[in-house]
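Reading the structure
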Amino acid sequence: MTSHQTTQTMKPATAAKKLGVYLEATPAEFQEGVVSRSELNALQADPPEWLQELRRNGPHPRPVVAAKLGISISGLARGGITDALTTEQIEALKKDLPEWLQKERAIQAEVRKEAVRIKEKNAEKDAEKGDRTR
């Protein structure tokens, strides 16, 4: 009995998400087809010019915009940013540093500090449990 393995494929939206690019800015043939796992790996390993250009200049999807600004996706929405932004637009926001962006960066910093505190607390509990079981 031979094993027949089917090729894994994904929708263009999933592939764009994994590549970190805005689907609507990708070429039509990418948007209209399906992407196999091997095609995705090839795009990641040796990105074509269109993919390099999108990653460099955008427009970028919201998760990438949020990461570049150092805030959460929710923070983007609270700041009124609902669309994809180009690298140039992101840099302009960083330069202008509007009040909402300063506030969201402060919120994100607090969230990160709290995550570290919880992680350390859990590590201490795990260490105590380890000491008791010996």
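Structural notes, computed from the coordinates. (Residues numbered from 1 in each chain as written. Predicted model: local features only at pLDDT ≥ 70, side-chain atom pairs only at ≥ 80, totals over all residues. Heavy atoms only, no water.)

**Topic: the nonpolar core**
Core analysis: the biggest nonpolar cluster contains 11 residues, these being M10, A15, A16, L19, V21, F30, V35, L40, L43, L51 and L54. Listing elements by their share of this core, those giving two or more residues are helix 1 (12-19), helix 3 (37-45) and helix 4 (49-57). A total of 3 residues in this core trace back to one element, the largest contributor, which is helix 1. Those residues within four positions of L19 in sequence are excluded, and the remaining contacts are F30, L40, L43, Q44, L51 and R55. (Core = buried A, V, L, I, M, F, W, Y, C linked by side-chain atoms within 4.5 Å. Buried < 20%, exposed > 50% of the residue type's maximum accessible area, 1.4 Å probe, protein only. Helix = DSSP H or I, 4+ residues; strand = E, 2+ residues; numbered from the N terminus. Contact = heavy atoms within 4.5 Å.)

**Some words on the packing of aromatic side chains**
In this structure the tally under the stated criterion is 1 aromatic pair. On the basis of an interplanar angle of 55 degrees and a centroid distance of 5.4 Å, the ring pair of F30 and W50 is categorised as tilted. Separated by 20 residues along the polypeptide, F30 in helix 2 (residues 28-32) and W50 in helix 4 bring together distant segments of the chain. Residue F30 is classed as buried on the basis of its relative accessible area of 7%. Among the residues examined, W50 registers a relative accessible area of 25% and is labelled partly exposed. (Phe/Tyr/Trp six-rings, centres within 6.5 Å; stacked < 30°, edge-to-face > 60°.)

**Re the packing of helix 5 (residues 62-69) against helix 7 (residues 87-96)**
For the pair helix 5 and helix 7, interaxial distance at closest approach is 10 Å and the crossing angle is 35 degrees. Judged by the twist between their axes, the crossing of helix 5 over helix 7 is right-handed. The segment helix 5 lies against helix 7, with V65, K68 and L69 engaging I90, L93 and K94. Split into classes, the residues belonging to the contact of helix 5 with helix 7 amount to 4 nonpolar, no polar and 2 charged. (Axes fitted to C-alpha atoms, helices over the stretch in contact; angles between N-to-C directions. Left-handed = near helix turned anticlockwise from the far one by under 90°. Nonpolar A, V, L, I, M, F, W, Y, C, P; charged D, E, K, R; others polar.)

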